[in-house]
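For reference, the chains in residue letters:
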Amino acid sequence: MSFEEKTWQISSSSSAPLSTPPTPSSQISSSSSAPLSTPPTPSSHFVGKRDDIIRCGRVTKLVNGCRDVLVVYHQGEFHAMDMRCYHAGGALQQGDIEEFNGRVCIVCPWHKYKITLLEGEGLYQAVDNPTVKPLRTHWRSKGVKQRVHKVTEVNEDIYITLNDSKEAVESDYYQTDAYRTNLCIKKVH
């Protein structure tokens, strides 16, 4: 049996001002390799069939019994990130996809926080000088706030590999037992 693999690799980015959007090649590298003789690595987790995810546009998956992940198909690319918004735990699978200064974001349905699909950066609209009218605004980054994960396609199957960086990201809180327990208690009352 042979496997064709495509990988969407997420790159990190700085929290610099967003005067111009990064070029796509610096954000994501999509690579096709020759057919493989082995399936994805053991750290990869099956999400679904490519065509099913494309038809739905987005799916959620509980991975390893401990991490809720959202997989989004947008403009020919697959993206994966923690399912709950870093700000207050909003369900990102219900968020709109919008572009801000050339950066494709998912917008949290609860408080309208903007999160880039590629890096998981939180974006906000800054004002140059609030005393000068009319106000001049521009989009800036808060830095990486949402954990993003690698998506791989093998023979029309979509897999994710969890981001195992030890560096804490704000969305990690919504993946803890403490949060899940608190969520269950709120649902009961």
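Refer to the structure above for everything that follows.
First things first, this report covers the structure right here in the doc. (Residues numbered from 1 in each chain as written. Predicted model: local features only at pLDDT ≥ 70, side-chain atom pairs only at ≥ 80, totals over all residues. Heavy atoms only, no water.)

1. Observations regarding the sheet that holds strand 9 (residues 114–116)
Part 1 of the argument: The antiparallel open sheet is built from five strands, whose spatial order is 7-8-9-10-11. Because the sheet does not close on itself, it has two edges, and the strands there are strand 7 (96–100) and strand 11 (137–144). Within the sheet, the average angular offset between the axes of one strand and its neighbour, ignoring direction, is 40 degrees.
Part 2 of the argument: Here strand 7 pairs with strand 8 (residues 103–107) via five bridges, running antiparallel. When the sheet's bridge partners are listed, E99 is paired in strand 8 with V104. (Pairing = 2+ DSSP bridges. Helix = DSSP H or I, 4+ residues; strand = E, 2+ residues; numbered from the N terminus. Axes fitted to C-alpha atoms, helices over the stretch in contact; angles between N-to-C directions.)

2. Focus on the pattern of salt bridges
Part 1 of the argument: Applying the stated criterion across every chain yields a total of 10 salt bridges.
Part 2 of the argument: With its nearest N and O atoms 2.4 Å apart, the salt bridge here joins D52 to R55. Of this pair, D52 and R55 both sit in helix 2 (residues 50–56), three residues apart, which is roughly one turn of the helix.
Part 3 of the argument: Residue R103 pairs with E121 through a salt bridge whose shortest N-O separation is 2.5 Å. (Salt bridge = Lys/Arg side-chain N within 4 Å of Asp/Glu carboxyl O.)

3. A short note on the side chain of E121
Part 1 of the argument: Mapped onto the elements of the fold, E121 is located in strand 10 (residues 121–127).
Part 2 of the argument: Judged by relative accessible area, which is 1%, E121 ranks as buried.
Part 3 of the argument: Within polar-contact distance, the side chain of E121 engages the side chain of S141 at 2.3 Å. (Buried < 20%, exposed > 50% of the residue type's maximum accessible area, 1.4 Å probe, protein only. Polar contact = N/O pair within 3.5 Å; in protein donor to acceptor, adjacent residues only side chain to side chain.)

4. Overview of the pairing of strand 5 (residues 67–74)
Part 1 of the argument: In terms of burial, strand 5 is a largely internal element, six of the eight residues being buried.
Part 2 of the argument: Bridge analysis of strand 4 (residues 58–63) against strand 5 gives six bridges, and the strand direction is antiparallel. Within strand 5, the position partnered with V63 by the bridge is R67.
Part 3 of the argument: Where strand 4 folds back on strand 5, the antiparallel hairpin that results is connected by three residues, among which N64 adopts a positive phi of roughly 60 degrees.
Part 4 of the argument: Here strand 5 runs beside strand 6 (residues 77–82); their pairing, made up of six bridges, is antiparallel. Paired with L70 across the bridge in strand 6 is M81.
Part 5 of the argument: A loop of two residues connects strand 5 with strand 6, the two strands running antiparallel in sequence, and Q75 in this loop sits at a positive phi of about 50 degrees.

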